[in-house]
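Here are the chains, one letter per residue:
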Amino acid sequence: MPKKKGSLKTALGKHQTKMHIMKQKKVMETQKEMVIKAKSKRVKSKANDSGNRGVRRKMTIPYFLNDTILLVGEGDFSFTLSLVKSHGISPEHITATAFDSEAVCYDKYPWCRETISELQTSGVKVLFNVDATKLGSSKGLKGMRFTKLVFNFPHAGKGITDQDRNILNNQELIVGFLKSAPHVLAPGLSNVIPPIKRRQPEDESEQESEGEMIEEDTPKASRKGVVLITLRDSPPYTLWNVPKLAKKPASGHPRYIQIRSYAFHPAQYPGYVHRRTAGHRGEKELPVLKEKEGVVDARTWEFELAS
């Protein structure tokens, strides 16, 4: 029996409506893809314009007003001075140390004499002849505990030309430092946020390994002291494998948890200039860290004791 004209018309209308809906849906999906691509292009464009592709725009500064800070291996003490003058850290909360004697420091970095005088006058405790691998036996640090233990650009400075021996020599320095660190780290609760509370990294310049740092200027409870090691983020320094040395130590050595790592930007510390371990070469030395398109290949690693 043939269908009625009304039924055919109704079926045709439904079909046309269905086709229209599908067409509109396809148009919306295409528009959505175009929006996503446009946003992606804008992000890349901004990264190119700033010269900081892959570098987090909100740079990480790990120091808080309530911190007590111990700096080891300081060269010309310009980093310490920047913490006081540019970041508002109370001088009484900072202890800055050098491996060399006071006389050797002045010989290596003649201009640091004024810096040290300014630090001491402000209230910073400045110590010389402090071995970062023997912090527990330093008389000037006896009984002191710190929330931040900082070793910027550690280097044995022995001038070993063989790369394998040089790497091993510097690994021994890092291992000795990590073994010594518990003597001066403040006890307390973990700095790591439980996994359920963690936020996602904003981009690849910030990497979390086993946790994320609790960032608060006035913590409700005392937190464990944190070790901060900053190194060049390029060979041969990456071959030192600092995270592995901290997280998987040899038997009898303390084990650490990696809290986070992030790009180190010297520009965040006005007045700071990284100097060579061997000192100047007849004149005020040029900075060791060089920027390329606004980026410095350096990274800071943060660790806390596992137990």
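As a starting point, this report considers the structure included with it. All figures in this text were calculated on a predicted structure; none of them were measured in a lab. (Residues numbered from 1 in each chain as written. Predicted model: local features only at pLDDT ≥ 70, side-chain atom pairs only at ≥ 80, totals over all residues. Heavy atoms only, no water.)

1. Overview of the overall build of the chain
And step 1. What the chain contains, in helices and strands, is six helices and eight strands.
And step 2. In sequence order, the secondary structure elements of the chain are arranged as α-β-α-β-α-α-β-β-α-β-β-α-β-β.
And step 3. The buried share of the chain, taken over its 307 residues, is 42%.
And step 4. In the chain, of all internal contacts separated by at least 6 residues, the share reaching a separation of at least 24 is 78%.
And step 5. Split by element, the accessible area of the chain, about 18000 Å² in all, is 54% carbon and sulfur. (Helix = DSSP H or I, 4+ residues; strand = E, 2+ residues; numbered from the N terminus. Buried < 20%, exposed > 50% of the residue type's maximum accessible area, 1.4 Å probe, protein only. Contact = heavy atoms within 4.5 Å. Areas by Shrake-Rupley, 256 points an atom, 1.4 Å probe, with all protein chains shown as cover.)

2. Quick word on the packing of helix 2 (residues 78-87) against helix 4 (residues 112-122)
And step 1. Packing of helix 2 against helix 4 leaves a shortest axis separation of 10 Å and a crossing angle of 40 degrees. Judged by the inter-axis angle, helix 2 sits oblique to helix 4. In terms of crossing hand, the pair formed by helix 2 and helix 4 is left-handed. Every residue of helix 4 that contacts helix 2 at Ser78, Thr80, Leu81, Val84 and Lys85 is listed here: Thr115, Glu118 and Leu119.
And step 2. A breakdown of the residues in the contact of helix 2 with helix 4 according to their chemical character gives three nonpolar, three polar and two charged. (Axes fitted to C-alpha atoms, helices over the stretch in contact; angles between N-to-C directions. Parallel < 35°, antiparallel > 145°, perpendicular 65-115°, else oblique. Left-handed = near helix turned anticlockwise from the far one by under 90°. Nonpolar A, V, L, I, M, F, W, Y, C, P; charged D, E, K, R; others polar.)

3. Details of the side chain of His87
And step 1. Take His87: it is sitting in helix 2.
And step 2. Among the polar contacts made by the side chain of His87, one reaches the main-chain carbonyl oxygen of Gln268 at a distance of 2.8 Å.
And step 3. Every residue in contact with His87, bar those within four places of it in the chain, is listed here: Ile61, Leu65, Ser82, Gln268 and Tyr269. (Polar contact = N/O pair within 3.5 Å; in protein donor to acceptor, adjacent residues only side chain to side chain.)

4. A closer look at the pairing of strand 8 (residues 298-305)
And step 1. Among the eight residues in strand 8, eight count as buried, and that is most of the element.
And step 2. Burial along strand 8 is two-sided: Ala298, Thr300, Glu302 and Glu304 and Arg299, Trp301, Phe303 and Leu305, pointing in opposite directions, are all buried.
And step 3. Relative to strand 8, strand 6 (residues 226-232) runs antiparallel, the two sharing six bridges. Bridge pairing in strand 8 places Leu228 opposite Glu302.
And step 4. With seven bridges joining them, strand 7 (residues 256-263) and strand 8 adopt antiparallel strand pairing. Across the sheet, Ile257 pairs through a bridge with Glu304, a residue of strand 8. (Pairing = 2+ DSSP bridges.)

5. Some details on the nonpolar core
And step 1. Within the largest apolar cluster, 35 residues are counted, with the highest numbers of intra-cluster contacts made by Tyr63, Ile69, Leu71, Phe77, Phe79, Leu83 and Ile94.
And step 2. Every element with two or more residues in this core is listed here: strand 1 (69-72), helix 2, strand 2 (94-97), helix 3 (102-108), helix 4, strand 6 and strand 7.
And step 3. Counting residues per element, this core draws most heavily on helix 2, at four residues.
And step 4. Apart from the residues within four sequence positions on either side, Leu83 is in contact with Tyr63, Ile69, Leu71, Gly88, Ile89, Ile94 and Tyr269.
And step 5. Leu185, Leu245, Trp301 and Leu305 belong to the second-largest nonpolar core, a separate cluster that totals 29 residues. (Core = buried A, V, L, I, M, F, W, Y, C linked by side-chain atoms within 4.5 Å.)

6. A few points about the pairing of strand 6
And step 1. Judged by how many residues are buried, strand 6 sits mostly within the fold: six of seven residues are covered.
And step 2. Pairing between strand 4 (residues 148-152) and strand 6: five bridges, direction parallel. Within strand 6, the residue paired with Phe151 across the bridge is Ile229.

7. Things to note about helix 4
And step 1. Among all positions of helix 4, only Cys112, Thr115, Ile116 and Leu119 are buried. Projected onto a plane normal to the axis of helix 4, the buried residues spread over an arc of 95 degrees and lie on a single side. Projecting away from the buried face of helix 4 at angles above 90 degrees are the exposed residues Glu114 and Thr121.
And step 2. Check the buried side of helix 4 and you find it contacts helix 2, helix 3 and strand 3 (125-127).
And step 3. Residue Gly123 follows helix 4 closely and has a positive phi angle near 120 degrees. (Arc of directions from axis to C-beta.)

8. Considering the pattern of salt bridges
When charged atoms on two side chains of opposite charge get close, those side chains can pair.
And step 1. Counted according to the given criterion, the structure contains six salt bridges.
And step 2. Lys148 is the partner of Asp67 in a salt bridge, and the nearest nitrogen-oxygen pair spans 2.9 Å. Taken together, the residues Asp67 in the loop between helix 1 (5-50) and strand 1 and Lys148 in strand 4 connect sequence positions 81 residues apart. Both residues of the pair, Asp67 and Lys148, belong to the buried class.
And step 3. The residue Arg232 makes a salt bridge to Asp297 at a minimum N-O spacing of 3.0 Å. Taken together, the residues span a long stretch of sequence, with Arg232 in strand 6 and Asp297 in the loop between strand 7 and strand 8 at a distance of 65 residues.
And step 4. Look at Asp297 and you get partly exposed, because its relative accessible area is 26%. (Salt bridge = Lys/Arg side-chain N within 4 Å of Asp/Glu carboxyl O.)

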